[in-house]
Amino acid sequence: MRLGWISAAATILAGSMLIASPAVNSSAENQTQSEDDNRISRGFEIAPVPLNLNGKDRKLVGLGSYLVNAASGCTDCHTNPNYAPGHNPFMGQPKQINPKYYLGGGVHFGPFISRNLTPEDNDLPAGRTYDQFAQQMHTGIDLDHKHPQFGPLLQVMPWPLYQDMTDHDLKAIYEYLRAIPHAEAGVSKLQPSSTTWTFSAHPIGEMSGPGVIYLSENGNLPVNFTSIAITGLSANDFKITSNTCGAVVQPFKTCQVSFFFKPTNIGLRQAQLVVSSDDPNSPLSITLAGVGN
Ligand code: HEC
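Residues numbered from 1 in each chain as written. Predicted model: local features only at pLDDT ≥ 70, side-chain atom pairs only at ≥ 80, totals over all residues.

1. Digging into the domain arrangement of the chain
We apply this condition: Domains are outlined according to an automatic or database domain assignment.
Looking at the assigned domains, one finds that the chain contains domain 1 (47-179) and domain 2 (190-292). Placing the centre of domain 1 and that of domain 2 at their C-alpha centroids yields a distance of 40 Å.

Next comes the structure, spelled out in structure tokens:
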């Protein structure tokens, strides 16, 4: 009796589903279609760089832009620095991704550095064919074997997440990466005019003339200083008299730190001028030396 009721209900249900399903499907299809279109047009709206659509599949590029710029966080890890000056949303500023360094890589995660994803001379994103790109996204294999000491896999890069993406979405990301301009990572490079400064011999308590070290930014990013100070065994025998560096030195500019020597004792006196900043080579250490007599 019960079984009969269930099977009767199932038959009715199946029947009604059969009748209803074409209508349900087509409206769901329409919805999916327009959702895809929405993502494609949103993708074009939010692309932070001009796109070269020549010979590309326009729909894939738009979808790829949506996935890269609104869904997958590629930009966060592959653009250095990520935001244009004055446009860091974490500081309450209006958001603008840095078009100059867009996806040029160069973000440091401990020993791992994100790679350049932009098209290279051969027009291939990151220099990869689609098959190589898809292989990396699926398996995390580092085709450049950059750090065999950690094994064959890309580290930090969330490929265990991306490996579940559909081929269509991966193709869209790849097509978008083909359409963006080539870019290089922003790098700061602070270089001192010398790594040592030696004063002539001076009697104890007598002040020398000024010594000077120039600090030049030779990369393409500003360098922000956290401290410039003299440390070391004979730190008291040297003193900074002027420092034009302030808080920051702009790209390709130079600032200078002057100091004097006033020995507190006889013999070799030595200390370090230590420059701490957000430069990858920080801290810089310049040896200051002099003889007291
Ligand atoms: C959490 C940070 C992070 C995110 C998010 C991220 N990546 Fe990466 N990616 C890295 C790092 C770091 C490396 C280099 C890893 C290493 O050296 O082991 C890398 C490497 C790669 C490589 C290898 C390049 C080559 O030349 O071999 C590709 C391709 C890549 N990422 C694509 C992407 C794409 C596409 C996205 C977004 C869908 C993305 N990444 C999101 C951090 C990230």
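Okay, back to it.
2. Some words on the site of the ligand
Threshold: Nearness between a residue and a molecule or strand is assessed with a C-beta atom placed from the backbone; a distance within 6 Å qualifies. The helix count covers DSSP runs of H or I at least four residues long, the strand count covers runs of E at least two residues long, and both are numbered beginning at the N terminus. Charged means Asp, Glu, Lys or Arg here, nonpolar means Ala, Val, Leu, Ile, Met, Phe, Trp, Tyr, Cys or Pro, and polar covers whatever is left, Gly included.
Contacts to the ligand come from 26 residues, most closely from Ser72, Cys74, Cys77, Val156 and Met157. Here the shell around the ligand gets 4 residues from one element, more than from any other, and that element is helix H3 (residues 74-78). Its residues assigned to classes, the shell around the ligand shows 15 nonpolar, 6 polar and 5 charged.

3. With respect to the sheet that holds strand S3 (residues 190-192)
So the rule is basically this: Any two strands with at least two DSSP bridges between them are considered paired. For helices, the fitted axis covers only the stretch in contact; all axes are lines through C-alpha atoms, and the angles between them, taken along N-to-C directions, range from 0 to 180 degrees.
A sheet is described by the order of its strands in space; here 4 strands give the open sequence S3-S5-S9-S7, paired in antiparallel fashion. Edge positions in the open sheet fall to S3 and strand S7 (238-243), since each of these has one partner strand only. Each adjacent strand pair in this sheet contributes to an overall mean axis angle of 25°, direction not counted. In the sheet, S7 pairs with strand S9 (residues 254-261) via 5 bridges, with the strands oriented antiparallel. Within the sheet, the bridge partner assigned to Phe238 lies in S9 and is Phe261.

4. Comments concerning the pairing of strand S5 (residues 211-217)
We apply this condition: Once C-beta atoms are placed from the backbone, each residue is buried if 20 or more other C-beta atoms lie within 10 Å of its own, exposed if 12 or fewer, and partly exposed for counts between those two.
Judged by which residues are buried, S5 turns out to be one-sided: Gly211, Ile213, Leu215 and Glu217 face inward and are buried, whereas Val212, Tyr214 and Ser216, on the alternate face, are not. Bridging between S3 and S5 involves 3 bridges; their strand directions are antiparallel. Of the residues in S5, the one forming a bridge with Pro192 is Leu215. Pairing geometry for S5 and S9, over 6 bridges, is antiparallel. Note that in S9 the partner of Tyr214 across the bridge is Gln256.

5. Structural notes on helix H6 (residues 167-179)
Quick note on the threshold: The span you would expect from a helix comes to 1.5 Å times its residue count less one. Contact between residues is assigned whenever the C-beta positions, reconstructed from backbone atoms, fall within 7 Å.
With 13 residues, H6 should reach 18 Å at 1.5 Å per residue; the first-to-last C-alpha distance of 18 Å fits that figure. Packing partners of the buried residues in H6 comprise helix H2 (58-71) and helix H4 (130-139).

6. Observations concerning the sheet that holds strand S4 (residues 196-198)
An order of S4-S11-S10-S6-S8 is seen for the 5 strands of this open sheet, with the pairing classed as mixed. Strands with a single pairing partner mark the edges of an open sheet, and in this sheet they are S4 and strand S8 (248-249). One ladder, built from 2 bridges, connects strand S6 (residues 223-231) with S8; its direction is antiparallel. Bridging across to S8, Asn224 finds its partner in Val248.

7. Focus on H2
End to end, H2 covers 19 Å across 14 residues, agreeing with the expected 20 Å (1.5 Å per residue, within 8%). The buried fraction of H2 amounts to 10 of the 14 residues, a majority that puts the element mostly inside the structure. Turning to H2, its buried residues number three or more, namely Leu60, Val61, Gly62, Leu63, Gly64, Ser65, Tyr66, Leu67, Val68 and Asn69. Among the residues trailing H2, Gly73 stands out with phi positive, at a value near 70°.

8. Notes on the environment of Gln163
Relative to the helices and strands, Gln163 resides in the loop between helix H5 (159-162) and H6. Looking at Gln163, the number of C-beta atoms within 10 Å reads 14, which means it is partly exposed. Separated by 128 residues in the primary sequence, Gln163 and Glu35 place their C-alpha atoms 23 Å from one another. If sequence neighbours within four positions are ignored, Gln163 has contacts with Met137 and His138.

9. Here we look at the nonpolar core
Which entries qualify depends on this criterion: A set of buried Ala, Val, Leu, Ile, Met, Phe, Trp, Tyr and Cys residues, joined through C-beta atoms within 7 Å, is what we mean by a nonpolar core.
With 27 residues, the main nonpolar core has Ile173 and Tyr176 as its most contacted residues. With residues near it in sequence (within four places) discarded, Tyr176 still touches Val61, Gly64, Ser65 and Val68.

10. Description of the environment of Gln136
By secondary structure assignment, the location of Gln136 is in helix H4. For Gln136, a count of 22 C-beta atoms within 10 Å corresponds to the buried category. On a C-alpha basis, the gap between Gln136 and Gln163 in space is 8.6 Å, while along the polypeptide they are 27 residues apart. Setting aside residues no more than four positions away along its own chain, Gln136 makes contact with Ile141, Leu143, Leu154 and Trp159.

11. Some details on the packing of H2 against H6
In helix packing, the relevant descriptors are the interaxial angle and the interaxial distance, both defined with respect to the helix axes. Put simply, the rule reads: Any angle from 65 to 115 degrees is called roughly perpendicular, while one under 35 is roughly parallel, one over 145 is roughly antiparallel, and all others are oblique.
Contact geometry for H2 and H6: axes closest at 7 Å, N-to-C directions at 95°. The orientation of H2 relative to H6 falls into the category roughly perpendicular. On H6, the residues touching Leu60, Val61, Leu63, Gly64, Ser65, Leu67 and Val68 of H2 are Asp169, Lys171, Ala172, Ile173, Glu175, Tyr176 and Ala179. Taken together, the residues of the contact of H2 with H6 break down into 9 nonpolar, 2 polar and 3 charged.

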